[in-house]
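Structural overview for review
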Amino acid sequence: MRASDLKSMEMIGHDPKTGFPILGHYRIMAMGITGLGRLYKDLNQSLGADKMDVLLTRFGYDGGLAHATVISDLYRFDSPEELLKAGGVMRRLAGLAHETITEIDFNPDKKQLRFKGIWKESFEPDIFRSISTGSDTPVCAILAGLVSGYASAVIGADVLVKEISCKAQGFDHCTFEGRTLGEWGLDLADVRKEFKITDIKTEMESLKSNLEQASRFIADQEDEINALKQQIRPGSMDTMIFRSHAMATTMTLAQKVAPTAATVLIQGESGTGKEVLARFIHDQSGRKEEPFLPINCAALPSDLLESELFGHTKGAFTGAESARKGLFVQAGKGTLFLDEIGELPLSLQPKLLRAIQEKQVRPLGGSTLEPVKARILTATNQEIKEMVAEGTFREDLYFRISVFPITLPPLRNRREDILPLARHFLSRLSPDHPGFSPQAIQHLEGFSWSGNIRELENVVEYGVILAGDHQRILPEHFPNQEAQTGTHPMAIFGQSLPSCRELEQQYIRHVLNQTNGNKTEASRILGLSISTLWRRLNRS
Ligand SMILES: [Zn+2]
């Protein structure tokens, strides 16, 4: 028969067992162009265009061999030329392209073949368009591979196909040429490289080593940049070093609220870096070129705090020899950060409420109101809600400042962050320091860190002083644990001496409490699998 005798409808059947459409015994699979687009994009990104072409061509080549096997199993053709043309039907049935062979010159005795053809509506330029706008070179690598494999099987000799012009280059359709190896002459090496994969592993290794070198270079540069950043504003990025999930959640919230004008209440134990987070929010906002003014409400007596915040006129009180603008006004369009807001005296709370609510302040002794343009961030380590219930904090003010609460997790709930933070502090104190011994790291990660990041920073500094700049920091270089916790850890038991099992239960419950019932986190801290955790928790 001839290629033109093939009827697509006759060729497709169904596998009675699986129900899949089949061609002979060949399963027809449909793959969305979008999905392939993702594959192309990833291949291109991870291997580069040349390597990707080779992989796709080789992928096509084996497909072409399969096409030839299937069709020659199903039908007998009058000549190898007809069988060659019949390959186009396979490409069409697979939805790949409309393929037409336009010229064939075949010498069966010498096994020499040359042919030319066109692909209309090739699928590959369509995929390519989903990852790039256009291409200088042909992109139909899978098709070139398919026809190569197909033709090689047909004549029983190696045939290589090269795409000459491609729709992706702006042509109406794609054209290609296929020849047996000898027929390519001097162009052979060029055509063949599309099929060669032998050295890809070596190349991958050399690429990998280049990549590693580049990463090291980048890491060095980053260190340098970080060091420079530290010089500009020491400590500003300290607690922004994290890899824990708990901290990532907090930072996502901070990043989301930063560009808005919302009043933020930062909650967290002391030493967790509340001011650093406030500064981060300021830096991430449109106000970053404006002042960031922090004030600790616990640090000043009531009257001094009032004049500091709201300003005063000349002669407003004894000693007020000149007028002074308060921080609300000094902050301009920047950020005013009120730390330890829970310590703000009740008498000043209405004034703060008005500053936030009505956006104006009246200086002490003054009669005119001044506008407030600054954003207000507040922080506390107290349970303000409870203070509201007790009547020591105004409820209306609480609602004003807690529009967007963010909680900074204590260091013991973000243990993954301890080592990166410790290394960060160390590199700042002693840039070329050899680091911590494994035991020292265990020690750091095991501490309770009731003083949080600030305490960690102090302990690292203590360690560097004892170990010096050239010796690794060992556990004995840290302040001793008794001094850290204040009491011997076993002192809590007093006269009651629980069994190991009781103690274990208590401790598991304690850790669960600390992780807010998060069993995954608790099991990680305890070094138990989740199922073991459950079992031990439930045994009595
Ligand atoms: Zn093409």
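Positions within a chain are numbered from 1, following the residues in the order the chain's sequence is written. Selection of residues for local features in this predicted model requires a pLDDT of at least 70, selection of side-chain atom pairs for listing and counting requires 80 or more, and totals for whole chains, interfaces and linings are taken over all residues. Hydrogens and water are ignored here; the side-chain numbers use all heavy atoms of the structure.

What to know about empty space enclosed by the protein
- Points on a 1 Å grid, built from protein atoms alone, make a cavity when a 1.4 Å probe fits but cannot get out and make a pocket when they are open with protein on both sides within 12 Å along at least 5 of 7 lines; residues with an atom within 4 Å of a point are the lining residues. Grid points are joined across faces, edges and corners, and a volume is the space filled by probe spheres set on the points. According to the stated counting rule, one finds one cavity of 30 Å³ or more in the structure shown.
- A volume near 30 Å³ is recorded for the largest cavity.
- Residue lining of the largest cavity: Pro80, Glu81, Leu84, Ile104, Phe106, Leu113, Val154 and Ile155, and that is the complete set.
- Helix and strand definitions follow DSSP, with helices as H or I runs of at least four residues and strands as E runs of at least two, each counted in order from the N terminus. Looking at the lining of the largest cavity, the elements with two or more residues in it are α4 (80-93), β4 (98-107) and α6 (141-155).
- Counting residues per element, the lining of the largest cavity draws most heavily on α4, which supplies three residues.
- Of the residues assigned to the lining of the largest cavity, the class counts are seven nonpolar, no polar and one charged. Classification convention: Asp, Glu, Lys, Arg as charged; Ala, Val, Leu, Ile, Met, Phe, Trp, Tyr, Cys, Pro as nonpolar; all other residues, Gly among them, as polar.

Digging into the sheet that holds strand β6 (residues 159-165)
- Spatially, the four strands line up as an open sheet ordered β4-β5-β7-β6, and their pairing is antiparallel. If you trace the sheet from one side to the other, it starts and ends with β4 and β6, each paired once. On average, each strand axis in the sheet is inclined to that of its neighbour by 20°, with strand direction left out of account.
- Pairing of strand β5 (residues 112-120) with strand β7 (residues 174-180) involves six bridges; the strand directions are antiparallel. Should DSSP find at least two bridges between two strands, the strands are regarded as paired. The axes used here are C-alpha line fits, helices contributing only the stretch in contact, and every angle between their N-to-C directions lies in the interval 0 to 180 degrees.

Brief notes about the nonpolar core
- For the purposes of this section, nonpolar cores are sets of buried Ala, Val, Leu, Ile, Met, Phe, Trp, Tyr and Cys residues that join through side-chain atoms within 4.5 Å. Remark: exposure states derive from per-residue accessible area (1.4 Å probe, protein chains only) relative to the maximum for the residue type, with buried under 20%, exposed over 50%, and partly exposed in between. Among the nonpolar cores identified, the biggest contains 50 residues, and Met11, Ile71, Phe115 and Trp119 are the most heavily contacted of them.
- Considering each element in turn, this core owes the most residues, ten residues, to α6.
- Residue contacts are defined here by distance: any two heavy atoms, one from each residue, within 4.5 Å place the two residues in contact. The contacts of methionine 11, once residues within four sequence positions are left out, are Leu6, Ile22, Leu23, Gly24, Ile71, Tyr75, Val89, Met90 and Leu93.
- Counting 31 residues, the second largest nonpolar core, distinct from the first, contains Leu309, Val329, Leu353 and Met387.

Concerning the sheet that holds strand β8 (residues 264-267)
- Read across the sheet, five strands follow the order β9-β12-β15-β8-β16 without closing on themselves; strand pairing throughout is parallel. Strands with a single pairing partner mark the edges of an open sheet, and in this sheet they are β9 (292-296) and β16 (404-407). Within this sheet the neighbouring strands show an average axis-to-axis angle of 20°, counted without direction.
- Two elements, β8 and strand β15 (residues 375-380), share four bridges in a ladder whose sense is parallel. If you follow leucine 265 over to β15, its bridge partner there is threonine 378.
- Relative to β16, helix α9 (residues 245-257) is tilted by about 150°, and along the sheet it contacts β8, β15 and β16.

Considering the side chain of glutamate 306
- Mapped onto the elements, glutamate 306 comes out in helix α11 (residues 302-310).
- The term polar contact refers here to a pair of N or O atoms within 3.5 Å; inside protein, the definition further demands a hydrogen-donor-capable atom paired with an acceptor-capable atom, and it admits residues adjacent in sequence only when both atoms are side-chain atoms. Here lysine 351 takes part through its side chain, which lies 3.2 Å from a polar atom of the side chain of glutamate 306.
- Once residues within four sequence positions are removed from consideration, glutamate 306 is found in contact with Gly311, Leu348, Lys351 and Leu364.

A look at a nonpolar patch on the surface
- For patches, a residue must show more than 30% relative accessible area and have no salt bridge; joins then use 9 Å for like charges and 5 Å for nonpolar side chains, namely Val, Leu, Ile, Met, Phe, Trp and Tyr. For the accessible areas, the method is Shrake-Rupley and the probe is 1.4 Å, while residue cover comes only from the protein chains on display. For this document, the term salt bridge refers to a Lys or Arg side-chain nitrogen within 4 Å of an Asp or Glu carboxyl oxygen. On the surface, Tyr462, Ile465 and Leu466 cluster together to form a nonpolar patch covering roughly 330 Å² of accessible area.
- Its location among the elements puts leucine 466 in helix α18 (residues 452-467).

A word on the coordination of the zinc ion
- Taken together, the protein ligands of the zinc ion are Cys140 (SG), Glu163 (OE), Cys166 (SG) and Cys174 (SG), with distances of 1.9 to 2.3 Å.
- Sites may look incomplete because water is not among the atoms; the donors themselves are N, O and S atoms within 2.8 Å of the metal, or within 3.2 Å for Na, K and Ca. Note on geometry labels: four donors, all angles 85 to 135 degrees, give tetrahedral; four donors become square planar and six octahedral when opposite donors are over 155 degrees apart and every other angle is between 65 and 115; remaining cases are irregular. Metal-centred angles of 100 to 117° between the four donor atoms at the zinc ion mark the site as tetrahedral.
- The sequence pattern describing where the donors of the zinc ion fall on their chain is C-x22-E-x2-C-x7-C. No difference in accessibility class separates cysteine 166 from cysteine 174, as the two residues are buried.

A short note on the environment of valine 511
- Tracing the backbone through its elements, the reader meets valine 511 in helix α20 (residues 500-514).
- For valine 511, a relative accessible area of 4% translates into the label buried.
- What valine 511 contacts, discounting residues up to four positions off in sequence, is Ala522, Ile525 and Leu526.

Topic: the packing of α4 against α6
- Two numbers describe how α4 lies on α6: the axes approach to 10 Å, and their chain directions differ by 150°. The two elements α4 and α6 meet at a crossing, and its hand is right-handed. Facing Pro80, Leu83, Leu84, Ala86, Gly87 and Arg91 of α4, the residues of α6 in contact are Leu143, Leu146, Val147, Tyr150, Ala151 and Val154.
- Across the contact of α4 with α6, the residue classes break down as ten nonpolar, one polar and one charged. Handedness of each helix crossing follows the sense of rotation of the near helix against the far helix: counterclockwise by less than a right angle gives left-handed, clockwise gives right-handed.

Quick look at the confidence of the model for the protein
- The predictor attaches a confidence to each residue, and that confidence, scored 0 to 100, is pLDDT. This prediction gives the protein a mean pLDDT of 85; 92% of its residues lie at or above 70.
- Note that residues 231-239 has pLDDT below 50 and, in this model, 23 contacts with residues that lie over four places away or in other chains.

Points about the pattern of salt bridges
- Counted under the stated rule, the structure contains 18 salt bridges.
- Here arginine 129 makes a salt bridge to aspartate 126, at a shortest N to O gap of 3.1 Å. Of this pair, arginine 129 and aspartate 126 both sit in helix α5 (residues 123-131), separated by three residues, roughly a single helical turn.
- Judged by its relative accessible area of 29%, aspartate 126 is partly exposed.
- Between glutamate 269 and arginine 412 there is a salt bridge, with its nearest N and O atoms 2.5 Å apart. One end of the pair, glutamate 269, is in the loop between β8 and α10 (274-283); the other, arginine 412, is in the loop between β16 and α16 (418-429), with 143 residues separating them in the sequence.
- Among the charged side chains, a network of salt bridges with common partners joins Glu416, Glu521 and Arg524.

Digging into the packing of aromatic side chains
- Planes of paired rings set the category: under 30 degrees apart is stacked, over 60 is edge-to-face and the rest tilted, where pairs are Phe, Tyr or Trp rings (Trp by its six-membered ring) whose centres lie within 6.5 Å. In the structure shown here, the tally under the stated rule is seven aromatic pairs.
- Taking 6.4 Å as the distance between ring centres and 65° as the angle between the ring planes, the aromatic pair formed by tyrosine 75 and phenylalanine 77 counts as edge-to-face.
- Considering the side-chain rings of phenylalanine 292 and phenylalanine 337, the 6.2 Å spacing of their centres and the 20° angle between planes classify their relative orientation as stacked. Linking phenylalanine 292 in strand β9 with phenylalanine 337 in strand β12 (residues 335-339), this pair joins segments that are 45 residues apart in sequence.
- Note on phenylalanine 292: relative accessible area 11%, which makes it buried.
- Taken together, the ring pairs connect Phe115, Trp119 and Phe176 into an aromatic cluster.

A closer look at the environment of histidine 433
- Tracing the sequence through the fold places histidine 433 in the loop between α16 and α17 (438-446).
- When the C-alpha positions of histidine 433 and alanine 320 are compared, they lie 52 Å apart, and in sequence the two are 113 residues distant.
- A distance of 2.9 Å separates a polar side-chain atom of histidine 433 from the backbone nitrogen of glycine 435.

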